[in-house]
Amino acid sequence: MTKRLKITVCAMLALALLCVLCGCAASQSSMKAQTEESYAYDTADWSPSEAKTQESGYDEAPAAAETQTTADGFDAGEADPNYGNHKIITTYTFDMQTDEFDTHFNQLQDKAAQLGGYIQSSSISGTKPVTYSDDGRTANLTFRIPTARVKEFVDFTQGTGEITYSNCETEDITLNYFDTETRLGVLRDQLDRLKEILKTTSNMEDMVELEQAISETTLEIEQYTTQLRRYDDLVDYTTVYVNIHENRLAKGPAAKESMGERMSTGIAESFAAVGVFLENALVAIVCAIPALLVIAVLAAVIVLIVKLIKKGKAKNAAKREAKARERRERMEKLSASKKEDTEKKE
């Protein structure tokens, strides 16, 4: 790459970094100004307790992670869903007890469709109670409801069945959202400048490096664009979890069999199960006879080989002992002979 082109690319990268820093600072300043303006606008309607909250420096409406939990329900729509241009992700959770499981299950699905929402996931466990004291079913539903109309769905849910638990969680992603938006704008400007430089260069090496830089910038743009779309989906559509629990059947027909009949049936079933087990065990043993015979033959061969090896080792040990004994006897005889010769010479 020529010296002039290198200087140009370095200047572009420095300018892009400066724009990112300035953009982040500008987004934070803008958010601070919007918050202060919101405070000034609402001061006239605040109560003394709210004024005390302002003096402490906390903004309760757009909290980063706010949770409300109650068993009696709550008002989900007093505040603006957008929280004064803040990007808020809201999640609701409800536990419900009901005697009309099928009715409420279908009503919630129809209401979600009516409001422009949809069911993200749905599952049902258990069986419908038929006789007295039978346990009911449990349904776990996950709805995605447009944020602008989630209050209607929450109010409808609270009026359906008996709410035993309710929870609301909010997450403020405003800074992350606008920071990502600023970075995306800077990258798009950088991509345009790289394309303009590519049009004016004729050096093959420069063209290859510029195309690589364009590819990397395009990939980053796609990643930030996908992140913004994900943020928009989470903000524009609120997630609502509803767990429906069917009550135990308190009134209804009793079991058809008496306790004695049920005990007798249980004992008979136990004996039948034991008989089936023994039958299966016998079948398994008979089927395993060929394999057991092969295993027995292999075991006998192994035992025989081990015995032969031990017997051979014993014979070898006996031979070595006999040879050692003979050597000792010869040495003793030789020593005695030498001793006699020495005595005769003396």
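Residues numbered from 1 in each chain as written. Predicted model: local features only at pLDDT ≥ 70, side-chain atom pairs only at ≥ 80, totals over all residues. Heavy atoms only, no water.

J.: Tell me about the pairing of strand E6 (residues 237–246), residues and numbers included.
T.: Extensive coverage of E6 is indicated by the burial of seven of its ten residues. Sheet topology note: the strand E2 (residues 88–98)/E6 ladder contains eight bridges and is parallel. By the bridge assignment, Thr91 is partnered in E6 with Thr239. Taken together, the nine bridges between strand E4 (residues 138–146) and E6 define a ladder with antiparallel strand orientation. Bridge pairing in E6 links Phe143 to Val240. (Buried < 20%, exposed > 50% of the residue type's maximum accessible area, 1.4 Å probe, protein only. Helix = DSSP H or I, 4+ residues; strand = E, 2+ residues; numbered from the N terminus. Pairing = 2+ DSSP bridges.)

J.: Now, about the packing of aromatic side chains: what can you tell me, with residues and values included?
T.: This model, assessed by the stated rule, comprises six aromatic pairs. Their ring planes at 10° and their centres at 6.3 Å tell us that Tyr92 and Phe94 sit as a pair that is stacked. Accessibility assignment for this pair places Tyr92 and Phe94 in one class, buried. Within the aromatic cluster, the residues linked to one another by ring pairs are Tyr177, Phe178 and Tyr231. One cation-aromatic arrangement involves Lys87 over Tyr177; the distance from NZ or CZ to the ring centre is 4.6 Å. (Phe/Tyr/Trp six-rings, centres within 6.5 Å; stacked < 30°, edge-to-face > 60°. Lys NZ or Arg CZ within 6 Å of the ring centre and 35° of its normal.)

J.: Any chance you could break down the nonpolar core for me, citing the residues and the numbers?
T.: Ranked by size, the top nonpolar core spans 20 residues in total, and within it Leu108, Phe143, Ile145, Phe153, Val240, Val242 and Ile244 carry the most contacts. For this core, the secondary structure elements donating two or more residues are E2, helix H3 (101–114), E4, helix H4 (150–158), strand E5 (162–172) and E6. Ranked by size, the runner-up nonpolar core spans 14 residues in total, among them Ile89, Leu187, Ile197 and Leu210. (Core = buried A, V, L, I, M, F, W, Y, C linked by side-chain atoms within 4.5 Å.)

J.: Lay out the pattern of salt bridges with the relevant residues and their values.
T.: Between side chains of opposite charge, a pair can form when the charged atoms approach closely. Applying the stated criterion to the full structure yields eight salt bridges. Residues Glu196 and Lys199 are paired through a salt bridge, measuring 3.9 Å at the closest nitrogen-oxygen approach. With Glu196 and Lys199 both in helix H5 (residues 174–200), this residue pair falls three residues apart, about one helical turn. Between Arg328 and Glu321 there is a salt bridge, and its shortest N-O distance comes to 4.0 Å. Classification of Arg328 by relative accessible area gives partly exposed; the value is 43%. Because the salt bridges share partners, they merge into one network encompassing Asp102, Arg137 and Glu246. (Salt bridge = Lys/Arg side-chain N within 4 Å of Asp/Glu carboxyl O.)

J.: An account of the confidence of the model for the chain is needed here, citing residue identities and associated values.
T.: With 71% of its residues at a pLDDT of 70 or more, the chain shows a mean pLDDT of 78. pLDDT under 50 marks residues 23–81. Its contacts with residues more than four places away, or in other chains, come to 68 contacts. (pLDDT = per-residue confidence, 0-100. Contact = heavy atoms within 4.5 Å.)

J.: Tell me about a positive patch on the surface, and please be specific about residues and values.
T.: Side chains of Lys311, Lys315, Lys319, Lys323, Arg327 and Arg330 sit close together on the surface and give a patch of like positive charge. With respect to the element layout, Lys315 can be found in helix H8 (residues 289–345). The exposure class of Lys315 is partly exposed, given its relative accessible area of 49%. (Patch = residues over 30% accessible without salt bridge, like charges linked within 9 Å, V, L, I, M, F, W, Y side chains within 5 Å. Areas by Shrake-Rupley, 256 points an atom, 1.4 Å probe, with all protein chains shown as cover. Lys, Arg positive; Asp, Glu negative; His and termini not counted. Charge placed at Lys NZ, Arg CZ, Asp CG, Glu CD.)

J.: Tell me about the packing of H3 against H4, and please be specific about residues and values.
T.: Following both chains from N to C, one finds H3 and H4 inclined at 170°, their axes separated by 10 Å at the closest point. With respect to each other, H3 and H4 are oriented roughly antiparallel. By crossing handedness, the relation of H3 to H4 is classed as right-handed. Residues Gln107, Leu108, Lys111 and Ala112 of H3 touch H4, and the partners they reach there are Glu152, Phe153, Phe156 and Thr157. In the contact of H3 with H4, the residues fall into four nonpolar, two polar and two charged. (Axes fitted to C-alpha atoms, helices over the stretch in contact; angles between N-to-C directions. Parallel < 35°, antiparallel > 145°, perpendicular 65-115°, else oblique. Left-handed = near helix turned anticlockwise from the far one by under 90°. Nonpolar A, V, L, I, M, F, W, Y, C, P; charged D, E, K, R; others polar.)

J.: Account for the environment of Asp172, with residues named and values stated.
T.: Tracing the backbone through its elements, the reader meets Asp172 in strand E5. In sequence terms Asp172 and Val235 are 63 residues apart; their C-alpha atoms lie 9.7 Å from each other. Within polar-contact distance, the side chain of Asp172 engages the side chain of His86 at 3.2 Å. A polar atom in the side chain of Asp172 sits 2.4 Å from the side chain of Thr174. (Polar contact = N/O pair within 3.5 Å; in protein donor to acceptor, adjacent residues only side chain to side chain.)

J.: Can you lay out a nonpolar patch on the surface for me, pointing to particular residues and giving the numbers?
T.: A surface patch of nonpolar side chains, about 380 Å² in accessible area, is lined by Leu282, Val286, Ile289 and Leu293. When residues of the nonpolar patch are traced back to their parent elements, those giving at least two are helix H7 (259–287) and H8. With respect to the secondary-structure elements, Leu282 resides in helix H7. According to the relative accessible area criterion, Leu282 is exposed, its value standing at 54%.

J.: Explain the environment of Asn203 to me, using residue names and the numbers behind them.
T.: Within the element layout of this structure, Asn203 appears in the loop between H5 and helix H6 (204–236). Here Glu205 takes part through its backbone nitrogen, which lies 2.8 Å from a polar atom of the side chain of Asn203.

J.: Now, about the environment of Glu171: what can you tell me, with residues and values included?
T.: Here Glu171 lies in strand E5. When the C-alpha positions of Glu171 and Thr91 are compared, they lie 8.8 Å apart, and in sequence the two are 80 residues distant.

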